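# Results of the structural survey
Residues per chain are reported as follows:
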Amino acid sequence: MKGYKRTTPLESPPPLDIIVTWLGAFAGIIAIVLLCHKFDLPIVASFGASAVLIYGVPDAPLSQPRNVILGHIISASIGVATYMLFGLTWWSPALGTALALVAIMLTKTTHPPGGATALFAVLSKAQPSYILNPIAVGAVTMVLIGLLVNNLSPNRHYPRYWF
């Protein structure tokens, strides 16, 4: 609980990277909002957390396309399955979230916003269509925008890997 003494200084990213981060987050969330409005779907807040990872720390392992796309899809699938099997109870949101976390860890597709994706699936009584749209479509959209925007800076290279 005591922690360790910091051995490296905190550093701010270069100004260009901050602009690229803002541009990516803005474009990514705008795209999600427009898709959700077009198809009359709920806006899933976990994409806000995905934006922080994809556009703010694009080098991180949890920000890579495999983790973003599969982490969201697996989590959504487990959240929907949990709701379909058990309904909305006082314990089913916790079960769906915990099972999704275990599944994305076991499949090596850990993406922290996936926990919120599973939780929202249970809480919103999501049907199987939730997995495809807004989740899969939204995750792919966010990654595609990340491919375009993150590579505008010479300091960035996204993705670091696909698989």
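Below is a summary of the structure that appears in this document.

Attention now goes to the overall build of the protein chain. For the protein chain, the count of helices and strands is 6 helices and 0 strands. Taken over the C-alpha trace, the protein chain has a radius of gyration of 17 Å; the compact-globule value for 163 residues is 15 Å, and the two agree within 12%. In terms of overall dimensions, the protein chain has a C-alpha envelope of 50 × 45 × 25 Å along the principal axes. Residues classed as buried in the protein chain amount to 40% of the 163 residues present. If you take every contact in the protein chain between residues at least 6 apart in sequence, the share linking residues at least 24 apart comes to 78%. Accessible area of the protein chain: about 9,200 Å², with a carbon and sulfur share of 73%. In the protein chain, 9 side chains carry a positive charge and 4 a negative one; their mean positions are 10 Å apart.

To continue, consider the packing of aromatic side chains. Counting across every chain of the model gives 3 aromatic pairs. Pairing W22 with F26 gives two aromatic rings, centres 5.0 Å apart and planes at 10°, and the pair type is stacked. Taken together, the residues W22 and F26, both in helix α1 (residues 15-38) and 4 residues apart, mark about one turn of the helix.

Following the criterion strictly, the structure yields 1 cavity of 30 Å³ or more and no others. The computed volume of the largest cavity comes to approximately 30 Å³. Contributing elements (two or more residues each) for the lining of the largest cavity: α1 and α6 (129-150). In terms of residues, the lining of the largest cavity owes the most to one element, α6, which gives 4 residues. The class makeup of the residues in the lining of the largest cavity is 6 nonpolar, 2 polar and no charged.

Turning our attention to a nonpolar patch on the surface. A cluster of nonpolar residues, W22, L23, F26, I30, L34 and L152, forms a patch on the protein surface that exposes about 630 Å² of accessible area. Counting through the fold element by element, L23 comes out in helix α1. On the basis of relative accessible area, L23 is assigned to the partly exposed category, the value being 34%.

As a further point, take the nonpolar core. Of all hydrophobic cores here, the largest spans 23 residues; its most connected members are F47, I54, Y55, Y130, I135 and M142. Secondary-structure elements contributing two or more residues to this core are α1, α2 (46-56), α3 (65-86) and α6. It is α6 that provides the largest number of residues to this core, a total of 7 residues. Leaving out residues up to four positions away in the same chain, F47 has contacts with I29, I32, H72, P134, I135, G138, A139 and M142.

Thresholds, definitions, all that
Residues numbered from 1 in each chain as written. Predicted model: local features only at pLDDT ≥ 70, side-chain atom pairs only at ≥ 80, totals over all residues. Heavy atoms only, no water. Helix = DSSP H or I, 4+ residues; strand = E, 2+ residues; numbered from the N terminus. Rg over C-alpha atoms; globule rule 2.2 N^0.38 Å. Buried < 20%, exposed > 50% of the residue type's maximum accessible area, 1.4 Å probe, protein only. Contact = heavy atoms within 4.5 Å. Areas by Shrake-Rupley, 256 points an atom, 1.4 Å probe, with all protein chains shown as cover. Lys, Arg positive; Asp, Glu negative; His and termini not counted. Charge placed at Lys NZ, Arg CZ, Asp CG, Glu CD. Phe/Tyr/Trp six-rings, centres within 6.5 Å; stacked < 30°, edge-to-face > 60°. 1 Å grid on protein atoms, 1.4 Å probe; cavity = no way out; pocket = protein on both sides within 12 Å on 5 of 7 lines; lining within 4 Å. Points joined across faces, edges and corners; volume = space filled by probe spheres on them. Nonpolar A, V, L, I, M, F, W, Y, C, P; charged D, E, K, R; others polar. Patch = residues over 30% accessible without salt bridge, like charges linked within 9 Å, V, L, I, M, F, W, Y side chains within 5 Å. Salt bridge = Lys/Arg side-chain N within 4 Å of Asp/Glu carboxyl O. Core = buried A, V, L, I, M, F, W, Y, C linked by side-chain atoms within 4.5 Å.

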